[in-house]
Amino acid sequence: MKKSKSPVQLLPTRGNVDPANCWDLTSLYKSDASWEKAFGKWSKQISGYAQFRGKLAKNAKALLACLQFDNDFDRVGERLATYAYLRASEDQSNSDYQRM
């Protein structure tokens, strides 16, 4: 039995993919600009850890405040990272998202 040769199918470019078949990342950030703004704000919060230096053993309230700050910081960081990862993954040919 002879196998039939099927023609090679090329993947469509990202611009030619039906939006219904794409990730909707607007639940994370409305646009790349809003991601950039959130990233800038988040990165400035790193210095916020300094306020807890030498105070964690003071009392439970100080420890709780640090843990809450850290939890909030991590949640925003995870959201930023998820958006950046998905944007980079959706179109490997777009080098703009390889730097996020």
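So, how was this worked out
Residues numbered from 1 in each chain as written. Predicted model: local features only at pLDDT ≥ 70, side-chain atom pairs only at ≥ 80, totals over all residues. Heavy atoms only, no water. Core = buried A, V, L, I, M, F, W, Y, C linked by side-chain atoms within 4.5 Å. Buried < 20%, exposed > 50% of the residue type's maximum accessible area, 1.4 Å probe, protein only. Helix = DSSP H or I, 4+ residues; strand = E, 2+ residues; numbered from the N terminus. Salt bridge = Lys/Arg side-chain N within 4 Å of Asp/Glu carboxyl O. Polar contact = N/O pair within 3.5 Å; in protein donor to acceptor, adjacent residues only side chain to side chain. Contact = heavy atoms within 4.5 Å.

### Details of the nonpolar core
1) Next: Leu 25, Leu 28, Tyr 29, Trp 35, Ala 38, Trp 42, Phe 73, Leu 80, Tyr 83, Ala 84 and Leu 86 form the largest nonpolar core, which has 11 residues in total.
2) Next: Put simply, the parts of the chain that give this core at least two residues each are helix H1 (32-44) and helix H2 (60-90).

### Observations regarding the pattern of salt bridges
1) Next: Evaluated as defined, the whole model comprises 2 salt bridges.
2) Next: Across the pair Arg 87 and Asp 32 runs a salt bridge whose closest N-O atoms are separated by 3.2 Å. Separated by 55 residues along the polypeptide, Arg 87 in helix H2 and Asp 32 in helix H1 bring together distant segments of the chain.
3) Next: For Asp 32, a relative accessible area of 24% translates into the label partly exposed.

### Observations regarding the side chain of Glu 90
1) Next: Positionally, Glu 90 belongs in helix H2.
2) Next: A residue is classified by how much of its surface remains accessible, and Glu 90, at 16% relative accessible area, is buried.
3) Next: In terms of polar contacts, Glu 90 uses its side chain to reach the side chain of Arg 87, at 2.5 Å.
4) Next: Setting aside chain neighbours within four positions, we find Glu 90 in contact with Arg 14 and Trp 23.

Scope: geometric values only; no functional claims are made or implied.
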